[in-house]
Amino acid sequence: MKHIVFSFSRLIMALMFFFSLSLNGVAWGQESNEVTVNSQYRELITTELKNDVAQRQKAMQKKAEAMLLNLPNERKLYNESEVLVKARLADGIREDGKAELNYVIELSYNCKSIEGSSDDYSTGNYLLENSNSAMALCQITREIVNEMNSDVFTAGKQVSIRISSSADALKFKKLDYQGEYGNHRYVGAVYNGELVRLSLMDDEDITSNAQLAFARAQGVRQYLDTQVEGLQQTTNDYFFITRCSEEPGAYYRRVSIELTVHAAFDEVILQRNEQLINDNYIEYNIPLINPGTNSKTFVVIVANEAYDAPLPNCEYAWRDGAVFRDYCIRTLGIPERQVRMLTNASKNTIYKKGYLWVHDALQAIGGDGNVIFYYAGHGISDGDYNAYILPCDINYRSIRSWVGKSEFDPENQLSKHDANALFNECIRLDTLCTWFGQIRCNNTTFILDASFNNNRRDGEPLITVKRTTERIRGLRIRSDIVIFNAANVEKTAYSFDEMRHGFLTYYMLKEIKRTKGDITYGNLFNTIMTTVPKESALQGKLQEPEIIAGGKVKDSWVNMRFR
């Protein structure tokens, strides 16, 4: 743990750095000794990092909202109060003048006063624990650093921490400072936009609003030092931005936190650069083969990632669906307007904008075409091992044990009533096959990158239901449909965390990329069955995909092709 009191010259340099951060073209690689990246990949990697940071921001905001709901009664915030989390990439300049790419997380809160009360600091108060909103902000920061960004706040990383604090215009004579946050003599800071030196000593009273705001900042600093484990292994520089409003009111008595991790993604950048050189990424260098020529194929892609609490998100489902869409258009030659992607789709959306859309399209061309249905998201199975896909519009009010919960213990077995209510909200795979089996077409292919054993992609339980039979029915279909299934109903379909995809999607598309789409289903599945079990087992996540073929294609599926 490293805490530095800055000289004015260093403070000025630091402030110039903070005020100049922007995303107007990320400059790194050519000038930095830390990271050297092939210029042809720089834009690709930057775009992916921006997308990653955007996803992190969504997850952090969702976590913050869940934490606010679960605060103990004595710490509850008014309904109108909220914590805001923003994340971004930013250019930076190291002390040696070289460029670096930094990761910035900003945390603030907005409180509404109700009947003269507020979650902000009370008049003349500087103790952190006396402001519910400031305390909540610090607790959320701890969770964001320790859990949600533990891969970034690693040993040896340089972190700049800017704490902004404010006081309102109400005057006071003096406050007795008891040394709760240590002694600080002539610390460089910014007060109302001007460089100043501030002191906070246990043998001196607080006599100015600048000192009062500074004391509030020191309460936050002490919390970060002592309660946030992730910041105890990084090298930290603190900056203090204090303000005093010309207006009175609780709105002007608050704090905010900004964390900048310098060169946060250097290791990731180097790794991804190497993977791109070795063509390990499926997102890049996607073959472009005769675009628009596969005009008789229609595709429905359902990528369900963002589930409402208490259900957790399905990791990488959106990425899976998006890259599968790219391969359909670029490598399989399917016209873009014949590829429909539905994200975070409801049951009704899957039926109307998925099934009915493709049904009408095939009817319009007399059935002389092919159908592909792709699904990435959560899957579950009932007590008889019947498989279901999980839409994103579950009516939680019908599941009594989930009402009012932002999180739940998935190992608590659902009651019979709640289990039935849940399955009624889902789409049974048999039902899905019946829908698509009614479409007059040449052939129908399902690709299901989901677990149906009631686990999440990380192997942790999603839900628990009572099994009414020990006999595993498995997936059986009567329609002329071929299903590439990520795992049977007893096993988990895992995420390939290094590549941030499901194992089935990654290795299926990698083979389609290698062969430029010129491959039979039989050869494709043989490759999948060779690579997925081996690669997943090496990560302690043994996964064995399966192929299911029904009706008239039971013997002929091996010779079928996507194009």
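Right, let's walk through the structure included here. Because the structure is predicted, anything quoted here is derived from the model rather than measured.

Definitions and cut-offs
- Residues numbered from 1 in each chain as written.
- Predicted model: local features only at pLDDT ≥ 70, side-chain atom pairs only at ≥ 80, totals over all residues.
- Heavy atoms only, no water.
- Core = buried A, V, L, I, M, F, W, Y, C linked by side-chain atoms within 4.5 Å.
- Buried < 20%, exposed > 50% of the residue type's maximum accessible area, 1.4 Å probe, protein only.
- Helix = DSSP H or I, 4+ residues; strand = E, 2+ residues; numbered from the N terminus.
- Contact = heavy atoms within 4.5 Å.
- Phe/Tyr/Trp six-rings, centres within 6.5 Å; stacked < 30°, edge-to-face > 60°.
- Pairing = 2+ DSSP bridges.

### Thoughts on the nonpolar core
- Within the largest apolar cluster, 166 residues are counted, with the highest numbers of intra-cluster contacts made by Tyr 103, Leu 224, Leu 390, Leu 422, Phe 436, Phe 446 and Phe 484.
- Per-element accounting of this core gives the leading share, nine residues, to helix 4 (residues 209–227).
- Excluding anything up to four places from it in sequence, Tyr 103 contacts Val 53, Arg 56, Met 60, Ala 87, Arg 88, Asn 149, Val 152, Leu 259, Thr 260, Val 261, Ala 264 and Phe 265.

### Here's the deal with the packing of aromatic side chains
- Applying the stated criterion to the full structure yields 27 aromatic pairs.
- Plain terms: the ring middles of Phe 298 and Trp 357 are 6.4 Å apart, the flat faces sit at 75° to each other, and that makes the pair edge-to-face. You can see Phe 298 sitting in strand 8 (residues 297–303) and its partner Trp 357 sitting in helix 7 (residues 347–364), a full 59 residues away along the chain. As far as the burial class goes, Phe 298 and Trp 357 line up, both buried.
- Plain terms: the ring middles of Phe 525 and Trp 557 are 6.2 Å apart, the flat faces sit at 80° to each other, and that makes the pair edge-to-face. Taken together, the residues Phe 525 in helix 11 (residues 521–538) and Trp 557 in the segment after strand 18 (546–549) connect sequence positions 32 residues apart. For the pair Phe 525 and Trp 557, one class covers both residues: buried.
- Members of the aromatic cluster, joined through ring pairs, are Tyr 351, Tyr 355, Phe 373, Trp 435, Phe 436 and Phe 446.

### Points about the pairing of strand 10 (residues 370–376)
- Most of strand 10 is tucked away, with seven of its seven residues classed as buried.
- Residues Asn 370, Ile 372, Tyr 374 and Ala 376 point to one face of strand 10 and Val 371, Phe 373 and Tyr 375 to the other, with burial holding for every one of them.
- Here seven bridges tie strand 8 to strand 10, and the two strands are oriented parallel to one another. When the bridges of strand 10 are listed, Val 299 appears paired with Ile 372.
- Pairing of strand 10 with strand 14 (residues 443–449), which is carried by seven bridges, proceeds in the parallel orientation. Its bridge partner lying in strand 14, Ile 372 is registered against Thr 445.

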